[in-house]
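# Analysis of the macromolecular model
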Amino acid sequence: MVTIRAAVVGDGAEVARVYVASSNDGFGELMPVMVLDGGRVARWSKTVADGNWWVAEIDNTIAGFVGIGPSRDPVDPELGELDTIAVDSPYWRRGVGTALMEKALEQLAAQYDEAIVWTLANYPQAQTFYTKTGWTLTTQTRNDGHQVSYRRTF
Ligand SMILES: CC(C)(COP(=O)(O)OP(=O)(O)OC[C@H]1O[C@@H](n2cnc3c(N)ncnc32)[C@H](O)[C@@H]1OP(=O)(O)O)[C@@H](O)C(=O)NCCC(=O)NCCS
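Reading the values: the criteria
Residues numbered from 1 in each chain as written. Predicted model: local features only at pLDDT ≥ 70, side-chain atom pairs only at ≥ 80, totals over all residues. Heavy atoms only, no water. UniProt positions renumbered as here; feature names shortened; annotations may be inferred. Helix = DSSP H or I, 4+ residues; strand = E, 2+ residues; numbered from the N terminus. Near = heavy atom within 4 Å. Polar contact = N/O pair within 3.5 Å; in protein donor to acceptor, adjacent residues only side chain to side chain. Areas by Shrake-Rupley, 256 points an atom, 1.4 Å probe, with all protein chains shown as cover. Nonpolar A, V, L, I, M, F, W, Y, C, P; charged D, E, K, R; others polar. Core = buried A, V, L, I, M, F, W, Y, C linked by side-chain atoms within 4.5 Å. Buried < 20%, exposed > 50% of the residue type's maximum accessible area, 1.4 Å probe, protein only. Contact = heavy atoms within 4.5 Å. Pairing = 2+ DSSP bridges. Axes fitted to C-alpha atoms, helices over the stretch in contact; angles between N-to-C directions.

Here the UniProt-annotated "domain: N-acetyltransferase" (unreviewed entry) positions come out as residues 2–154. Regarding residues 2–154, the helix share stands at 33% and the strand share at 37%, and the terminal C-alpha atoms are separated by 25 Å.

Shown next, in the form of structure tokens:
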């Protein structure tokens, strides 16, 4: 059974590990291989303690995490953004991502009227996931079309 709880600074190392591992497992050849190092752990430890991040636990192990905030690129304080969602690959396709998304959407809806999420073009894993969880593909792209965006209103 999956439990969603607010992230704390002490989750930084596990969150960083899940981020690196799930990105490498998911993105494959679409992105350069990521490395887990002390700088990344320090950055995630600071990031996840800001009150807008949650972890999913299964048997007291962090299986995934999610965070929200205002839109960063383009900067728009009125538009919410699903910042990052990641699930450790041994737990894929077990509903962990959906449980994290439910928490993120509840919190986005409490703070914003509309939200955006960016992902890679030609990446069906995330694109199918976002469509399944209620997001709609837009025509807004970044990085010469290498990133595509999804939006939803509340
Ligand atoms: C995308 C991700 C968060 C999904 O997490 P998850 O826990 O596996 O998601 P769920 O089990 O809740 O899946 C919900 C639905 O999403 C879709 N989905 C999930 N993974 C999929 C895949 N590999 N291929 C196609 N559809 C997929 C399916 O419709 C799935 O429903 P189903 O299993 O009943 O068919 C996870 O694969 C991940 O962390 N990937 C690496 C990092 C990443 O891509 N993050 C987002 C990029 S911006």
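Before going further, it helps to spend a moment on the site of the ligand. Looking at the ligand, there are 21 residues lining it, with Val87, Gly97, Thr98, Tyr123 and Gln125 nearest. Within the backbone of Val87, an N or O atom sits 2.7 Å from an oxygen atom of the ligand. Here Gly95 contributes a backbone N or O atom positioned 2.9 Å from an oxygen atom of the ligand. When isolated, the ligand has an accessible area of 900 Å², and the protein chains bury 80% of it. Counting only elements with at least two residues in the shell around the ligand, the list comes to α1 (12–27), β4 (75–87), α3 (96–111), β5 (114–120) and α4 (124–132). Here the residues of the shell around the ligand sort into 11 nonpolar, 7 polar and 3 charged.

With 27 residues, the main nonpolar core has Leu82, Val96, Leu108, Tyr130 and Trp135 as its most contacted residues. Contributing elements (two or more residues each) for this core: β2 (53–58), β3 (61–72), β4, α3, β5, α4 and β7 (147–153). By residue number, the principal contributor to this core is α3, which donates 6 residues. Beyond its immediate sequence surroundings of up to four residues, Tyr130 is in contact with Leu82, Ile85, Met101, Val117, Thr119, Trp135 and Tyr150. Listed in part, the 14 residues of the second largest apolar core include Val15, Val18, Val48 and Trp53.

Our focus in this paragraph is the sheet that holds strand β1 (residues 2–6). Taken together, 7 strands build an open sheet; the order of strands is β1-β2-β3-β4-β5-β7-β6 and the sheet is mixed. Strands with a single pairing partner mark the edges of an open sheet, and in this sheet they are β1 and β6 (136–142). Across the sheet, the mean angle separating the axes of adjacent strands is 30 degrees when strand polarity is ignored. Sheet topology note: the β2/β3 ladder contains 6 bridges and is antiparallel. Bridge assignment links Ala56 to a residue of β3, and that residue is Gly64.

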